[in-house]
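# Summary of structural features
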Amino acid sequence: MINFLNLEYFLVAAEELNFTRAARKLYISQQSLSNHISNLEKEFDVILFNRTLPLTLTYAGQALKARARELLDLRDETYREIADIKDFSTGQLSIGVSHTRGRVILPEILPSYQTQFPGIELKLIEGNSSTLASELLHGNIDLMIDLLPFAVENVETVPVCAEEILLIAPDMVLEKAYPGRLEEIKAQLSQSTDLRLLESCPFILLKKGNRVRTIADEMFEEAQITPRIVLETENIETVLALSAKGMGITFFPRMFMSNDQSTQDHRTKFMERARLNPYPLNFRRAHGVLGIGYHKGHYMSRATKEFIRIAKERIPYNPD
């Protein structure tokens, strides 16, 4: 019978290919790690590592590494499933979401979730779209919230709410690009947000990997322009704040204007004071749907199912 502790230690060593680093990562001695590896080699009656510098995996070691993660994942999923059947009073739910989107959507869901399931430990993982997709793929989070479709395979998704990306153009930037023609250009943008009108303007954008940035790049490509990017950042609130200071044009999701009326009013007044002009975009991908995704190849815990249920109740999806 496979000793899963030996298997876990082998997998770390196989990923590190360095016993010293692997032992440090596992908080055990190098000798203890070597003993676990030796026990596994005795169990399978095969050598798993070529003891060379640097270490390399034998053919058998490569085959076991490919299966070890599957075996360990299956073990963890089995424990979760049995725990669900036995007693759904404790457990853990890991949620992946961007920090800004989480600020908007999680307050609509988590208070109700915690009230109904106080024994479930909630873990929040924040990052950009590509990082979260990788975390979901590797089983490090149970679900992620992002714009559909997700850039990762083997994921089932549930639509949550409509989302729209707006172009944000400050008066200061338009005035500088078009002296004496501010109202004319604003009128043209109101009729049709043609990015070619803004080719000579500076842009402040999110860094590559963020979904909003990906869509912006697609729009630039479709308009056949190369934007003059003066700054890139990971934080979408930063792009809006710098745009308000006249540093450049940016893109901002309508959802982040907030569903809370007091916050929404504050945001509207801020944009009016900063003379920021929001424009809808005539681009299909700028009008999307926010969804919840989970790995369809993994066991779906009741904690995940209940989160999706409450999300659908609290934020009804209206495709219109």
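The rules behind the values
- Residues numbered from 1 in each chain as written.
- Predicted model: local features only at pLDDT ≥ 70, side-chain atom pairs only at ≥ 80, totals over all residues.
- Heavy atoms only, no water.
- Helix = DSSP H or I, 4+ residues; strand = E, 2+ residues; numbered from the N terminus.
- Buried < 20%, exposed > 50% of the residue type's maximum accessible area, 1.4 Å probe, protein only.
- Expected span 1.5 Å × (residues − 1).
- Contact = heavy atoms within 4.5 Å.
- Domains from an automatic or database assignment.

## Section: unusual backbone geometry
- Put simply, Leu53 and Pro54 share a cis peptide bond, and its omega is -5°.
- Its location among the elements puts Pro54 in the loop between β1 (49-50) and β2 (56-57).
- Of note, Gln224 is a non-glycine position whose phi angle comes to about 60°, a positive value.
- Within the element layout of this structure, Gln224 appears in the loop between α9 (211-223) and β8 (228-233).
- Overall, Gln224 belongs to the exposed group, its relative accessible area being 73%.
- One non-glycine residue, Arg275, adopts positive backbone phi at about 55°.

## Here we look at helix α12 (residues 302-314)
- For α12, which comprises 13 residues, the first-to-last C-alpha distance of 18 Å matches the rise-based estimate of 18 Å (1.5 Å per residue) to within 8%.
- Listed as buried for α12 are Ala303, Thr304, Glu306, Phe307, Ile308, Ile310 and Ala311.
- Considering only its buried residues, α12 is in contact with β3 (91-97), α5 (99-116), β4 (120-126), β5 (143-147), β6 (155-170) and β11 (287-295).

## A closer look at the domain arrangement of the chain
- Assigned domains of the chain: these are domain 1 (4-81), domain 2 (88-162 + 288-314) and domain 3 (163-287).
- If you average the C-alpha positions of domain 1 and of domain 2, the two centres end up 31 Å apart.

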